[in-house]
Amino acid sequence: MTTAIRTDALTKRYGRRTALDACTLDIPAGRVVGLVGPNGAGKSTLLQLLAGLLEPTSGTATVLGGRPSSGPEQLARVGFVAQDTPTYSGLTIRDHLRLGAHLNARWDAGLAEARVARLGLDPDQKAGRLSGGQRAQLALTLAMGKRPELLLLDEPVASLDPLARREFLGGLMEFVAEQGATVVLSSHLVTDLERVCDHLVLLAASHVQVSGEVDELLATHQRVTGRRRPHDEAPAGTSVVRSGHTDRQSTFVVRSSVPVLDPEWAVEPLDLEELVLAYMTQDVVDAHDLTVEVSR
Amino acid sequence: MTWLTWRQFRTQAWITLGILVALAVALAFAGAHIASLYRASGLATCTGATCSDLTDAFLAQARAGFTGPVRVLAVGVAYLAPALIGAFWGAPLVGRELETGTFRLVWTQSVSRARWLSVKLALLGAATALAAGVVALVVTWSSARVDGVSGRMEPLMFGSRGVVPVADALLAFAVGVLAGILLRRTVPAMAVTLAAVAAVQMAMPTWIRAHLVTPLSRSVPLDPTKGAGIGLQSDGHIRVWIEPHIPGAWILGSTTTLPSGKAFDGIADPTYCSRSQSPEKCLDWVAGKNLHSVVTYQPGSRFWTLQWIEAGIVVALAAVAVALCFWALRRRAA
């Protein structure tokens, strides 16, 4: 299994503010990765570091085996759609496709034109007059036309209505199925991504909180409920992500590689949204503490 | 990249072309009219003292009618062209991409950022040189007859002719691009560019141009009874001056000296020069001093030498600004 993205203690500071702190990731190729986290968690920073638009303050990022934006060859292998999907408002859709053709040696004109036709867009329309959804589709078409091995999308559906969102993700999934590319798409709402992603990276407070295959994450996380007990008396062999207590009951969201069989506990599965929420509101937010917690 | 650069620039290019054509037509008419005035003036064949009167008549004619305002316009355009190019071509070149976020689109295509900037700078830099060159050429050509008579070394004239406007435009363009990269906004970058260009265009004639080549100086006898002005100040000092005139030269200044070369201190002898004495007595006393006026100047023959030196300095500054553009783009944009 080849690695698409590897980061090692990747850190980006803007002056005193730390946007991304010691981010270490290992993402296999061929995945559709959901990068989830609240606003300001560092998602855009991470994606721009991977696209080579930002230079890290410290740490390293390796994308498809190379350093981000280290040269035309590396740039050609990575497609990027920025937040708010910027396009040249004075240029027509046709101009944008010509831009793609002139600036990318591996440009697939057939793919790009077919996509524009299928979306029902008028090639002579100026990008400035497109709706948010159409503009996002245009930006995605440009990124797809260069036939990237890795496609990075920064909050691509945030500004889209539900129908446009569906169309956008549908088009993306078709591309993934045909090209076998790795995709990373970010959102502050996991519900946007849960239908499409098979790998999840959760970023909060500039730290990676959890990263893994969605199936595996769902299989290893449970909500357990039992009688009221102290904070540290969670089921044996588990690590606590989040705890909540009422007068009579204690509820823990735990991570455990083995099933919790103790009859004292009522065990429920989590869905992805609950899992993300548990991590975002977890007891221990700091990643260093979290590592200690997990290894204990 | 060439295609994209042209596609993004073509509207401005057509507008500029329109302005240049209009300017060239206006200046062609004015230039032709002035040439016919020159032929009619008889200046080409005059000799001796008559030339002076003919010159005055010719210059008065050139200043009258439509040629006067057109000539003023020509000088104005030659000074404004660099500023406008810097503000409207330079400042938005990268600044607008940073402002609107399109840099994230274009820098993630399969073209490196340095190459993207190189192509844009090269093509628009060439367009800058071409446009400013056309302006300078038509201004220089249409003014040639008048310049030939009244000189072109005066700071205002000098800066609007020859190669200096082209160099100024290249600097303005580079500064505009740099300001756009550093400020990441188009309008503030335009304002900074205009201010920077104005500063260079003022600093050059005020402090720098006169010293690019060591000025010449010429000592002429001062005759207080002919041509020289003389004045007795209330503190008992005498001021003696002449309006130095050296055809075609840029006069930098003059000092009044004693025959020994020492500066004349202007302290008058009250036995000859005071309110109670007759002016003639004082004039005789001044005449007896054998005063000289030492004029420092740049002769008209140095026009092209000074043009090329100044243009060289300005182009070197532009090169520095371009280097800073690459450095700043690598470092901060992003």
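Cut-off values and rules
Residues numbered from 1 in each chain as written. Chains lettered and ligands numbered in written order. Predicted model: local features only at pLDDT ≥ 70, side-chain atom pairs only at ≥ 80, totals over all residues. Heavy atoms only, no water. Patch = residues over 30% accessible without salt bridge, like charges linked within 9 Å, V, L, I, M, F, W, Y side chains within 5 Å. Areas by Shrake-Rupley, 256 points an atom, 1.4 Å probe, with all protein chains shown as cover. Salt bridge = Lys/Arg side-chain N within 4 Å of Asp/Glu carboxyl O. Helix = DSSP H or I, 4+ residues; strand = E, 2+ residues; numbered from the N terminus. UniProt positions renumbered as here; feature names shortened; annotations may be inferred. Domains from an automatic or database assignment. Contact = heavy atoms within 4.5 Å. Buried area = accessible area lost by both parts, 1.4 Å probe. Polar contact = N/O pair within 3.5 Å; in protein donor to acceptor, adjacent residues only side chain to side chain. Core = buried A, V, L, I, M, F, W, Y, C linked by side-chain atoms within 4.5 Å. Buried < 20%, exposed > 50% of the residue type's maximum accessible area, 1.4 Å probe, protein only. Pairing = 2+ DSSP bridges. Axes fitted to C-alpha atoms, helices over the stretch in contact; angles between N-to-C directions. Lys, Arg positive; Asp, Glu negative; His and termini not counted. Charge placed at Lys NZ, Arg CZ, Asp CG, Glu CD. pLDDT = per-residue confidence, 0-100.

## A look at a nonpolar patch on the surface
Turning to step 1, where the next piece is worked out: Side chains of Trp6, Trp14, Leu17, Val21, Val25, Phe29 and Phe66 of chain B sit close together on the surface and give an oily, nonpolar patch of about 760 Å² of accessible area.
Turning to step 2, where the next piece is worked out: Inspection of the secondary structure assignment puts Trp6 of chain B in helix α1 (residues 2-41).

## Some words on the UniProt feature "domain: ABC transporter" (unreviewed entry) in chain A
Turning to step 1, where the next piece is worked out: Sites flagged by UniProt as "domain: ABC transporter" (unreviewed entry) map to residues 5-230 of chain A.
Turning to step 2, where the next piece is worked out: The span residues 5-230 of chain A is 35% helix and 30% strand, and its two end C-alpha atoms sit 41 Å from each other.

## A look at the domain arrangement of chain B
Residue and element names in this part refer to chain B.
Turning to step 1, where the next piece is worked out: Examined at the domain level, chain B breaks down into domain 1 (2-213 + 303-332) and domain 2 (216-301).
Turning to step 2, where the next piece is worked out: For domain 1 versus domain 2, the separation of C-alpha centres amounts to 41 Å.
Turning to step 3, where the next piece is worked out: With 10 residues of domain 1 at the contact, the number on the domain 2 side is eight residues.
Turning to step 4, where the next piece is worked out: Summing both sides of the interface, domain 1 and domain 2 together bury roughly 740 Å²; the carbon and sulfur share of this comes to 59%.
Turning to step 5, where the next piece is worked out: For the domain 1 face of the interface with domain 2, the top three residues by lost area are Met153, Ala210 and Phe303, together amounting to 52%.
Turning to step 6, where the next piece is worked out: On inspection of domain 1 and its partner domain 2, the count reaches zero salt bridges.
Turning to step 7, where the next piece is worked out: The interface formed by domain 1 and domain 2 holds four residue pairs in polar contact (both at pLDDT 80 or more) in total.

## Thoughts on the nonpolar core
Turning to step 1, where the next piece is worked out: Counting residues in each nonpolar core, the largest one holds 87 residues, and the members touching the most others are Leu46 and Leu152 of chain A together with Trp116 of chain B.
Turning to step 2, where the next piece is worked out: Of all the elements, helix α5 (residues 113-150) of chain B adds the most residues to this core, at 12 residues.
Turning to step 3, where the next piece is worked out: Non-local contacts of Leu46 of chain A, meaning those with residues more than four positions away in its chain, are made with Leu10, Leu20, Cys23, Leu25, Leu35 and Leu203 of chain A.
Turning to step 4, where the next piece is worked out: By size, the runner-up hydrophobic cluster in this structure holds 39 residues, among which are Met144, Leu172, Leu185 and Ala278 of chain A.

## Section: the sheet that holds strand β7 (residues 182-187) of chain A
All names here are of chain A.
Turning to step 1, where the next piece is worked out: Spatially, six strands are ordered β5-β6-β7-β3-β8-β9 in an open sheet, and the strand pairing comes out mixed. Both outer strands of the open sheet, β5 (78-81) and β9 (207-213), are each paired with one neighbouring strand and no more. On average, adjacent strands in this sheet sit at an angle of 15° to one another, irrespective of strand direction.
Turning to step 2, where the next piece is worked out: Strand direction decides the pairing type here: β5 and strand β6 (residues 150-153), joined by four bridges, are parallel. Residue pairing across strands places Val81 opposite Leu153, the latter belonging to β6.
Turning to step 3, where the next piece is worked out: Strands in contact with helix α5 (residues 132-145) are β5 and β6; relative to β5, the strand with the most contacts, it is inclined by about 175°.
Turning to step 4, where the next piece is worked out: Each of β3 (32-36), β8 (199-204) and β9 touches helix α9 (residues 272-280); the most contacted strand, β8, lies at about 30° to it.

## Remarks on the environment of Arg115 of chain A
All names here are of chain A.
Turning to step 1, where the next piece is worked out: Among the secondary structure elements, Arg115 is positioned in helix α4 (residues 109-118).
Turning to step 2, where the next piece is worked out: The class of Arg115 is buried, set by a relative accessible area of 6%.
Turning to step 3, where the next piece is worked out: Measuring from C-alpha to C-alpha, the distance between Arg115 and Met144 comes to 9.6 Å, with 29 residues separating the pair along the chain.
Turning to step 4, where the next piece is worked out: Excluding its chain neighbours within four sequence positions, the residues that come into contact with Arg115 are Gln137, Leu140, Thr141, Met144 and Gly171.

## Focus on a positive patch on the surface
Turning to step 1, where the next piece is worked out: Together, Arg98, Lys126 and Arg129 of chain A together with Arg10 of chain B line one region of the surface with positive charge.
Turning to step 2, where the next piece is worked out: Mapping Arg10 of chain B onto the fold places it in helix α1.
Turning to step 3, where the next piece is worked out: Under the relative-accessibility criterion, Arg10 of chain B is labelled partly exposed at 33%.

## Overview of the sheet that holds strand β1 (residues 3-14) of chain A
Residues and elements named next belong to chain A.
Turning to step 1, where the next piece is worked out: Spatially, the three strands line up as an open sheet ordered β2-β1-β4, and their pairing is antiparallel. Every other strand in the sheet has two partners, leaving β2 (17-28) and β4 (58-63) as the edge strands with one partner each. The sheet shows a mean angle of 20° between the axes of neighbouring strands, taken without regard to direction.
Turning to step 2, where the next piece is worked out: By the bridge criterion, five bridges tie β1 to β4 in an arrangement that is antiparallel.

## Some thoughts on the side chain of Thr16 of chain B
Turning to step 1, where the next piece is worked out: Topologically, Thr16 of chain B is positioned in helix α1.
Turning to step 2, where the next piece is worked out: Discounting chain neighbours no more than four positions away, the residues touching Thr16 of chain B are Trp89 and Ala131 of chain B.

## Notes on the confidence of the model for chain B
Reading fine detail from the predicted coordinates is not recommended where pLDDT is low.
Residues and elements named next belong to chain B.
Turning to step 1, where the next piece is worked out: Predicted confidence across chain B gives a mean pLDDT of 90, with 99% of residues reaching 70 or more.
Turning to step 2, where the next piece is worked out: The lowest-confidence element of chain B is strand β2 (residues 229-232), averaging 78 in pLDDT; the highest-confidence one is helix α7 (residues 164-183), averaging 97.
Turning to step 3, where the next piece is worked out: Reported confidence for the predicted complex is 0.87 by ipTM and 0.89 by pTM.

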